[in-house]
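Each chain is listed here by its residues.
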Amino acid sequence: MNYSNLFKIALRAIAANKTRSFLTALGIIIGIASVITMLAIGQGTKQSIQSNIAEMGSNMIMISPGADRRGGVQQDASSMETLKLTDYEALRDECKYIKAISPTVSASGQFIYGNENTPSSMTGANEDYLEIRQLKVADGEMFTESDIKTSAKVCLLGNTVAENLFPNGADPVGKIIRFNSIPFRVIGVMEKKGYNSMGMDQDDYVLAPYTSVMKRILAQNYLQQIIASAITEGVTEQATEEMTAILRRTHKLKDTTDDYTGDEDDFSIRSQEELANMMNSTMTMLTVLLGCVAGISLIVGGIGIMNIMYVSVTERTREIGLRMSVGARGIDILNQFLIESIMLSVTGGIIGVIFGVGAAYAISAVAHWPTTVQMWTIVMSFAVCTFTGIFFGWYPAKKAAQLDPIEAIRYE
């Protein structure tokens, strides 16, 4: 028996039981659609996070106070006050592998102008902050080194804060706003960046000289963070090592000797490259997890195919016996039921791919979640469909092929 006849027989068998065949394929349709949709969400989120990190600069380095402890270990308050202005000055003057560096401090509160007010945060930094964070001034000008030395009460508004305080479209530059009860003169408005992939507003901030925030608002002499950018992405590791050596010296931390284990760092240094690798690893694991969860429905669909093929073999026992009595071989019967199983699975897979791709684009359009449908997910889906049809259809087909022709003909 040739394969064209086997395909025709399989098509007739499927057409004779349309509703049952559709319900059998439905498990595969749902499984494939779920896998493609979940992988599209995972890949889209991963790419969105990568692009957001790239926007901040892959060569950015962040120095935070306190030892590098992970897993939610609580640290005492004094350990979070280890970064001083002298550390920033030493790094600025001695580091050969960085091109820009800025101390940062921040305070949250209420910004007020006239009858308008909005909650936000004020970030204290220097002129290099714009280059490191890849920010631009849309209107007005950046504060100067003179403003930093005099702790001038000047600031630049993020786009969201500007729109909330000046809803009528008035020019904020030159106006006096209050942060809690402290007046600040607006000297500029930052260029709009919009929301990132995590749904956070990147324009909801106010920028001011770090000395103004430290002295006039926080009344503290320590820094909350120091950020820098390496000359190139390739020297980030050298810059990190250089910074570590300088900070250990300025903090008077003893190195390991033969009779002394050395002092632990009272600061932590993170590079954007390290953060990107960590996020990529996390998102890859999450994407695999989503795919595995969705893949469970494929197993359920495969079991459905096996059950229906068992029913089909039982219903067509006499037909199998008649075919074998007129010369059909066991391999022909095996191929007949395998082809029927694969056709159900692949047809369900094609419909599932269409629904999965459509669902991914619908989620992106309606919920505004980042989604990316990659070709390998579609290819993998078809491979899984074929494998599912063969795997779950083989045993019932083998059972049909092993039937005794005489017993099959007698079957009622």
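Residues numbered from 1 in each chain as written. Predicted model: local features only at pLDDT ≥ 70, side-chain atom pairs only at ≥ 80, totals over all residues. Heavy atoms only, no water.

Novice: Help me understand the overall build of the protein in this model?
Specialist: Looking only at helices and strands, the protein features 13 helices and ten strands. Compactness check: the protein gives a C-alpha radius of gyration of 33 Å against a globular reference of 22 Å for 412 residues, more than 25% above the reference. Principal-axis analysis of the C-alpha atoms gives the protein an extent of 105 × 70 × 35 Å. Residues classed as buried in the protein amount to 45% of the 412 residues present. For the protein, long-range pairs separated by at least 24 residues make up 77% of all intrachain contacts whose partners lie at least 6 apart in sequence. By element, 58% of the accessible surface of the protein is carried by carbon and sulfur atoms, the whole surface being about 20,900 Å². When the 34 positive and 42 negative side-chain charges of the protein are each reduced to one mean point, those points stand 10 Å apart. (Helix = DSSP H or I, 4+ residues; strand = E, 2+ residues; numbered from the N terminus. Rg over C-alpha atoms; globule rule 2.2 N^0.38 Å. Buried < 20%, exposed > 50% of the residue type's maximum accessible area, 1.4 Å probe, protein only. Contact = heavy atoms within 4.5 Å. Areas by Shrake-Rupley, 256 points an atom, 1.4 Å probe, with all protein chains shown as cover. Lys, Arg positive; Asp, Glu negative; His and termini not counted. Charge placed at Lys NZ, Arg CZ, Asp CG, Glu CD.)

Novice: Quick question: what am I supposed to make of the pairing of strand β1 (residues 60-65) here?
Specialist: Every other side chain in a regular strand lies on the same face of the sheet, so the side chains alternate between the two faces. Among the six residues in β1, five count as buried, and that is most of the element. Pairing of β1 with strand β9 (residues 225-230), which is carried by four bridges, proceeds in the antiparallel orientation. Bridged to M60 within β9 is S229. In terms of strand pairing, β1 meets strand β10 (residues 267-271) through five bridges, oriented antiparallel. The residue bridging I61 from the neighbouring strand is S271, located in β10. (Pairing = 2+ DSSP bridges.)

Novice: Could you clarify how one ought to interpret unusual backbone geometry in this entry?
Specialist: Trans peptide bonds make up most of the peptide bonds, and negative phi angles are found at most residues other than glycine. Positive phi, normally seen in glycine, also occurs at N180, with a value near 60°. Mapped onto the elements of the fold, N180 is located in the loop between β6 (176-179) and β7 (182-190).

Novice: Where do I start with the nonpolar core in this structure?
Specialist: One broad rule of soluble globular proteins: the nonpolar side chains tend to lie buried together. Ranked by size, the top nonpolar core spans 61 residues in total, and within it L91, M122, C155, L157, I177, L207 and M243 carry the most contacts. For L157, the contacting residues outside a window of four places in its chain are A162, F166, P172, I177, V186, G188, V189, M190, Y205 and V206. L39, A294, L334 and V353 belong to the second largest nonpolar core, which has 24 residues in total. (Core = buried A, V, L, I, M, F, W, Y, C linked by side-chain atoms within 4.5 Å.)

Novice: I would appreciate a short explanation of the packing of aromatic side chains in the present structure.
Specialist: The geometry of two aromatic rings is summed up by the distance between their centres and the angle between their planes. Counted according to the given criterion, the structure contains four aromatic pairs. Ring geometry for F111 versus F179: centroids 4.7 Å apart, planes at 40°, classification tilted. Residue F111 is located in strand β2 (residues 98-113), and its partner F179 is located in strand β6; the two are separated by 68 residues in the primary sequence. Residue F111 is classed as buried on the basis of its relative accessible area of 0%. With 4.5 Å between their ring centres and 40° between their planes, Y113 and F166 make a pair best called tilted. One end of the pair, Y113, is in strand β2; the other, F166, is in the loop between α6 (159-165) and β6, and 53 residues separate them in sequence. On the accessibility criterion, Y113 (27% relative accessible area) is partly exposed. By relative accessible area, F166 is classed as buried at 6%. (Phe/Tyr/Trp six-rings, centres within 6.5 Å; stacked < 30°, edge-to-face > 60°.)

Novice: So what exactly am I meant to see when it comes to the pattern of salt bridges here?
Specialist: Close approach of charged atoms allows side chains with opposite charge to pair. All told, the structure shown has four salt bridges when counted by the stated rule. The residue D255 makes a salt bridge to R248 at a minimum N-O spacing of 3.2 Å. Judged by its relative accessible area of 13%, R248 is buried. The closest approach of N and O atoms between D265 and R248, which form a salt bridge, is 2.5 Å. Taken as a pair, D265 in the loop between α8 (236-250) and β10 and R248 in helix α8 lie far apart in primary sequence, 17 residues in all. The class for D265 is partly exposed, based on a relative accessible area of 25%. (Salt bridge = Lys/Arg side-chain N within 4 Å of Asp/Glu carboxyl O.)

Novice: In this structure, what is going on with the side chain of N126? I would like to understand it.
Specialist: Relative to the elements of secondary structure, N126 occurs in the loop between β3 (116-125) and α4 (128-133). Here I101 takes part through its backbone oxygen, which lies 3.1 Å from a polar atom of the side chain of N126. For N126, the side chain forms a polar contact with the main-chain nitrogen of D128, separated by 3.0 Å. Aside from chain neighbours lying at most four places away, what touches N126 is Y88, I101, S102, P103, M142, F143, I148 and Y210. (Polar contact = N/O pair within 3.5 Å; in protein donor to acceptor, adjacent residues only side chain to side chain.)

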